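Here is how the chains run, residue by residue.
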Amino acid sequence: MDKSMTLSDECPLDEEELNSRIFGDLEPVTWSNDDDTDVNMFFHRVDSDQIIYQTKKKRCKMIGKYVMGDLLGEGAYGKVKEVLDSETLCRRAVKILKTRKLRRIPNGEQNVQREIQLLKILKHKNVISLVDVLFNEEKQKMYLVLEYCVGGLQDMLESTPKKKFPLWQAHGYFSQLIDGLEYLHSKGIVHKDIKPGNLLLALDGTLKISDFGVAEALDMFAKDDTCTTGQGSPAFQPPEIANGHETFAGFKVDIWSCGVTLYNITTGLYPFEGDNIYRLFENIGKGEYTIPSEIENPLRSLIEGMLQKEPEMRISLQQIRQHPWFGRKPARTLEFVPVPPLREDEFHSMTVLPYLMEYHYGEDPTASDNQSQYITEHQLNEERKLQEQQNALPGNDGRRGGAKRRWRRPISCISVKKFPTCKQS
Amino acid sequence: MPLFGKSQKSPAEVVKALKEAVNALERGDKKAEKAQEDVSKNLVLIKNMLYGTSDAEPQTDIIVAQLAQELYNSNLLLLLIQNLNRIDFEGKKDVAQVFNNILRRQIGTRSPTVEYICTKPEILFTLMSGYEHQEIALNCGTMLRECARYEALAKIMLYSEDFYNFFRYVEVSTFDIASDAFSTFKELLTRHKILCAEFLEMNYDKVFSHYQRLLNSENYVTRRQSLKLLGELLLDRHNFTVMTRYISNPDNLKLMMNMLKEKSRNIQFEAFHVFKVFVANPNKPKPILDILLRNQEKLVEFLTRFHTDRSEDEQFNDEKAYLIKQIKELKPITEH
């Protein structure tokens, strides 16, 4: 290590030792002092052009027969990454669960076990399918290999200014939701957490009901669908749960959440709100809400039927199917909400490929010079500006041409590294 | 009117021409060959109105509405289906395409063709009897399954006497026809959950006495498929009442126990999924309990050695372990 550059020069030794213990597992970082006389200076200024981003190398990694790709998302339970099945060449998603992390979440392990058990029995085009389950005892990790989905309705809603879908698009998703839900109910499964965030889309736009973490499978011989526990998302819970009833009809809970979902995706609003969960449950418990005037019949009456305060009055799946709004597809308009791009890639192309390229061909030859591996903030900003200008040009689809490819996109995995020429003058 | 090429015929003209041609074909007089040609030609014209061609868009809604209206008024749909065996190969496919397109047509929330067929159920019965004739069976099958998507039409078919012919159709010796008939049969029994559950409850004895014959069929495929469908039907929550009734009958239990011992491993496996319901039932009627008790030891031994190579299938192993435990713990009902 270059001594002249380290802060440790003026620090007592034991502190250095202490630091090395604390930061031992971090990348070695060295700081430069640009004013040695200023002893009180605690924070050291580093010019933006001296911060270096290094593009992370795409090291090909395999879990079982699956080749790992980029991160797709992150939830409370762990990361979700894209993978490629090296035998069938199918794109998949893998949910990585750390046993240690799960133990810290209330009912965490139990919920995951239940989810695996349920997903194994389910087979329907509108229900996410579990392809494989792998364990790594050493790392204490569990891998759930699932069908690949490009995104969820929630992300799509959030990407639009009005947070809603045009009616024809909402209709398409809603009818698929009902198909999937009818299947779940026929298998005696109450999902209990239907909401846009749990409705994913496959590459071909098929809706997939996912997240069975709080779902309940009724006993095969249970006379009815009585349930006792509800742990779904508060804003989507029905009055009987908000009011703390000890038992309630499970299937009607899903109908209610579907009603809130339909309300949400067609208006961009929630029927019930509250500053905190107590207020929210108080409002839901009263069962009073308004539907914006822009929602006309028959959609209005369908939402009203699903958001009936009394479960017995709430319409059934069969009645939803027979409802006039369900039977008639609204005319397609030009308006369309796409799945938001993943890291600027609107085509959602496979992210496993760069890893395979690296594995088989080594470093990209065009990226062999030093510049492509070490990028300063200044350079990064210049590149961003350039790109924005290009994107603003009409007729440009936003994809970068071959000449611009010498830069790998600095993704989230940046690491601050020592700049070799950063010596004090 | 277009400047070049033939002027477009109006829907009324095409329908009239087609009807005359089909009538001529039916009479089978000397001009049969000419009639055949006319039928094919006019069918193509109608198909193009509905689907368009590579260089022409489908016709406007108004033209299609007129066409549909003409088809209803002239009763041509039924006539075409009745004479399907006389129409040439491509023509048969065109009939099915035209039929399915017209069936899917909607005005607002209404499906006018569905309403029309409800008033003319002969169309459905003629289609169902299509399975009797090899050369039109598959064409009728595609039309039937399209019809089965509509609850009103499925209901007519299920509740008709002709439905029971399916038990014969699914066993015919021509494999592709039998499979096609089976998929239609399955669609009718599973598509509209509430309707199907009501139908099975109301006609339990009749349906299941017919079903028993499928399960005892000489034909391996029939036996296996019908056993699989039985499992699906019984495990569907909508059919709860039917399931409880089915698992209360000792004859059904005996049949499943025999199927567990079948030569085919696939049949053994499917039978297991029905058999488990009998054992898992918390309120076993006495006759069922008696059979299980009489075979208690043999069953435990049998199940312990049953499909031991399926170690990958956790679900199956869990269920098997559960069944063994249940059977071991069986005790006769103590009389009070």
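Note that this is a predicted model, so its numbers are computed, not measured. (Residues numbered from 1 in each chain as written. Chains lettered and ligands numbered in written order. Predicted model: local features only at pLDDT ≥ 70, side-chain atom pairs only at ≥ 80, totals over all residues. Heavy atoms only, no water.)

Draft legend 1. Summary view of the overall build of chain A. Within chain A one finds 14 helices and 15 strands. Burial status across chain A gives 42% buried among its 425 residues. Of all intrachain contacts in chain A linking residues separated by at least 6 positions in sequence, the fraction that spans at least 24 positions is 66%. Of the roughly 24100 Å² of accessible surface on chain A, 52% is carried by carbon and sulfur atoms. (Helix = DSSP H or I, 4+ residues; strand = E, 2+ residues; numbered from the N terminus. Buried < 20%, exposed > 50% of the residue type's maximum accessible area, 1.4 Å probe, protein only. Contact = heavy atoms within 4.5 Å. Areas by Shrake-Rupley, 256 points an atom, 1.4 Å probe, with all protein chains shown as cover.)

Draft legend 2. Fine view of the packing of aromatic side chains. Residues and elements named next belong to chain B. Using the criterion set out here, one finds 33 aromatic pairs over all chains in the structure. Judged by centre distance (5.8 Å) and plane angle (65°), the rings of Tyr-131 and Phe-166 are edge-to-face. Taken together, the positions of Tyr-131 in the loop between helix H7 (122–129) and helix H8 (134–148) and Phe-166 in helix H10 (residues 166–169) put the pair 35 residues apart, joining distant regions of the chain. Each member of the pair Tyr-131 and Phe-166 is classed as buried. Residues Phe-166 and Phe-185 carry aromatic rings whose centres are separated by 6.3 Å and whose planes lie at 35° to one another, so their mutual orientation is tilted. With Phe-166 in helix H10 and Phe-185 in helix H11 (residues 175–190), the pair connects residues that are 19 residues apart, well separated along the chain. The ring centre of Tyr-164 lies 4.2 Å from the NZ or CZ of Lys-206, which sits over that ring. A cation over a ring is seen here: Arg-310 above Phe-316, with NZ or CZ 6.0 Å from the ring centre. (Phe/Tyr/Trp six-rings, centres within 6.5 Å; stacked < 30°, edge-to-face > 60°. Lys NZ or Arg CZ within 6 Å of the ring centre and 35° of its normal.)

Draft legend 3. Seen up close, the interface of chain A and chain B. The partner chain B presents 21 residues to the 20 residues of chain A that form the contact. Between chain A and chain B lies a buried interface of about 1700 Å² when both sides are counted; carbon and sulfur atoms form 58% of it. On the chain A side of the contact with chain B, Ser186(A), Met220(A) and Phe221(A) bury the most area, a combined 38% of that side's loss. Connecting chain A to chain B are one salt bridge. Where chain A packs against chain B, one counts six residue pairs in polar contact (both at pLDDT 80 or more). By residue class, the composition of the side of chain A that touches chain B is seven nonpolar, seven polar and six charged. (Buried area = accessible area lost by both parts, 1.4 Å probe. Salt bridge = Lys/Arg side-chain N within 4 Å of Asp/Glu carboxyl O. Polar contact = N/O pair within 3.5 Å; in protein donor to acceptor, adjacent residues only side chain to side chain. Nonpolar A, V, L, I, M, F, W, Y, C, P; charged D, E, K, R; others polar.)

Draft legend 4. Structural view of the nonpolar core. Core analysis: the largest hydrophobic core is formed by 114 residues, its most contacted members being Phe99(B), Phe163(B), Phe185(B), Leu230(B), Tyr246(B), Met256(B) and Phe275(B). Residues in contact with Tyr246(B), not counting those within four places in the same chain, are Tyr204(B), Phe208(B), Gln212(B), Leu215(B), Leu230(B), Leu234(B), Asn252(B), Met256(B), Val274(B) and Phe278(B). Leu97(A), Tyr263(A), Ile284(A) and Leu307(A) belong to the second largest nonpolar core, which has 65 residues in total. (Core = buried A, V, L, I, M, F, W, Y, C linked by side-chain atoms within 4.5 Å.)

Draft legend 5. Inspection of the sheet that holds strand E8 (residues 149–152) of chain A at higher detail. All names here are of chain A. Strand order in the open sheet formed by three strands is E8-E10-E11, and the pairing between neighbours is antiparallel. The open sheet is flanked by E8 and strand E11 (207–209), the only strands paired with a single partner. With strand direction ignored, the average angle separating the axes of adjacent strands in the sheet is 35°. Helix H5 (residues 167–186) contacts strand E10 (199–202) and E11 of the sheet and is inclined by roughly 35° relative to E11. (Pairing = 2+ DSSP bridges. Axes fitted to C-alpha atoms, helices over the stretch in contact; angles between N-to-C directions.)

Draft legend 6. View of the UniProt feature "domain: Protein kinase" (unreviewed entry) in chain A. With numbering matched to this structure, UniProt assigns "domain: Protein kinase" (unreviewed entry) to residues 66–326 of chain A. A distance of 40 Å separates the end C-alpha atoms of residues 66–326 of chain A, which is 36% helix and 23% strand. (UniProt positions renumbered as here; feature names shortened; annotations may be inferred.)

Draft legend 7. Structural detail: the side chain of Arg91(A). All names here are of chain A. Along the chain, Arg-91 falls in strand E5 (residues 91–98). For Arg-91, a relative accessible area of 18% puts it in the buried group. Here Tyr-148 takes part through its side chain, which lies 3.0 Å from a polar atom of the side chain of Arg-91. Among all residues touching Arg-91, those that are not within four sequence positions of it are Glu-82, Val-83, Leu-84, Tyr-148, Leu-203, His-348, Ser-349 and Met-350.

Draft legend 8. Expanded view of the UniProt feature "binding site: ATP" (unreviewed entry) in chain A. The positions UniProt marks with the feature "binding site: ATP" (unreviewed entry) are Lys95(A). Within the secondary structure, Lys95(A) is located in strand E5.

Draft legend 9. Geometry of the sheet that holds strand E2 (residues 62–63) of chain A. All names here are of chain A. Taken in spatial order, the six strands make up an open sheet running E2-E3-E4-E5-E7-E6, and their pairing is antiparallel. Of all strands in the sheet, those with a lone pairing partner are E2 and strand E6 (130–136), marking the two edges. Taken together, the seven bridges between strand E3 (residues 66–75) and strand E4 (residues 78–85) define a ladder with antiparallel strand orientation. Residue Gly-73 lies in a different strand from E4, and its bridge partner there is Val-80.

Draft legend 10. Layout of helix H2 (residues 32–51) of chain B. All names here are of chain B. Helix length check: H2, at 20 residues, gives a terminal C-alpha distance of 28 Å against a target of 28 Å (1.5 Å per residue), a fit within 8%. Within H2, burial applies to Ala-35, Asp-38, Val-39, Ser-40, Asn-42, Leu-43, Ile-46, Met-49 and Leu-50. Residues of H2 that are buried in the fold lie against helix H1 (11–27), helix H3 (61–74), helix H4 (76–82) and helix H5 (89–104). Two residues or fewer after H2 comes Gly-52, characterised by a positive phi angle close to 75°. (Expected span 1.5 Å × (residues − 1).)

Draft legend 11. Structural view of a nonpolar patch on the surface. All names here are of chain A. A contiguous nonpolar patch, built from Leu-353, Met-357 and Tyr-361 and spanning about 360 Å² of accessible area, is present on the exposed surface. For Leu-353, the position within the fold is in helix H12 (residues 353–361). Given a relative accessible area of 45%, Leu-353 falls into the partly exposed group. (Patch = residues over 30% accessible without salt bridge, like charges linked within 9 Å, V, L, I, M, F, W, Y side chains within 5 Å.)

Draft legend 12. Local environment of the pattern of salt bridges. Residues and elements named next belong to chain B. Enumeration according to the criterion identifies 36 salt bridges over all chains in this entry. Here Glu-115 ties to Arg-110 by a salt bridge, and the two come within 3.1 Å at their closest N and O atoms. Judged by relative accessible area, which is 36%, Glu-115 ranks as partly exposed. Given a relative accessible area of 41%, Arg-110 falls into the partly exposed group.

Draft legend 13. How the structure looks around H11(B). In this model, H11(B) (16 residues) spans 22 Å end to end at C-alpha, consistent with the 22 Å of a helix rising 1.5 Å per residue. Looking at the buried residues of H11(B), the elements they touch are H8, helix H9 (151–158), H10, helix H12 (193–202), helix H13 (204–215) and helix H14 (220–235) of chain B.

Draft legend 14. Broad picture of the environment of Gly73(A). All names here are of chain A. Inspection of the secondary structure puts Gly-73 in strand E3. Along the primary structure Gly-73 and Leu-342 are separated by 269 residues, whereas in three dimensions their C-alpha atoms are 9.7 Å apart. Ignoring any residue separated from it by four or fewer positions in sequence, one finds Gly-73 in contact with Lys-79 and Val-80.

Draft legend 15. Expanded view of the packing of H5(A) against helix H7 (residues 250–267) of chain A. All names here are of chain A. For the pair H5 and H7, interaxial distance at closest approach is 10 Å and the crossing angle is 170°. Classified by the angle their axes make, H5 and H7 are roughly antiparallel. Mapping the contact onto sequence places Leu-167, Ala-170, Phe-174, Leu-177, Leu-181 and His-185 in H5 and Phe-251, Asp-254, Cys-258, Leu-262, Ile-265 and Thr-266 in H7. Residues that form the contact of H5 with H7 fall into these classes: nine nonpolar, two polar and one charged. (Parallel < 35°, antiparallel > 145°, perpendicular 65-115°, else oblique.)

Draft legend 16. Spotlight on the confidence of the model for chain A. All names here are of chain A. On average, residues of chain A score 81 in pLDDT, and 75% of them are at 70 or above. Across residues 368–372, confidence stays below pLDDT 50; counting only partners more than four residues off in sequence or on other chains, it has six contacts. Contacts for the low-pLDDT stretch residues 395–425, under 50 throughout, to residues beyond four places or in other chains number 53 contacts. (pLDDT = per-residue confidence, 0-100.)

Draft legend 17. Just unusual backbone geometry, in detail. A cis amide bond links Asn297(A) to the next residue, Pro298(A), at an omega of 5°. One can find Pro298(A) in the loop between helix H8 (277–286) and helix H9 (299–306). Notably, Asp211(A) is not glycine yet its phi reads approximately 60°, a positive angle. If you trace the backbone, Asp211(A) turns up in the loop between E11 and strand E12 (216–217). Judged by its relative accessible area of 28%, Asp211(A) is partly exposed. Positioned with a positive phi, Asn75(B) is a non-glycine residue whose angle comes to about 65°. On the secondary structure map, Asn75(B) appears in the loop between H3 and H4.

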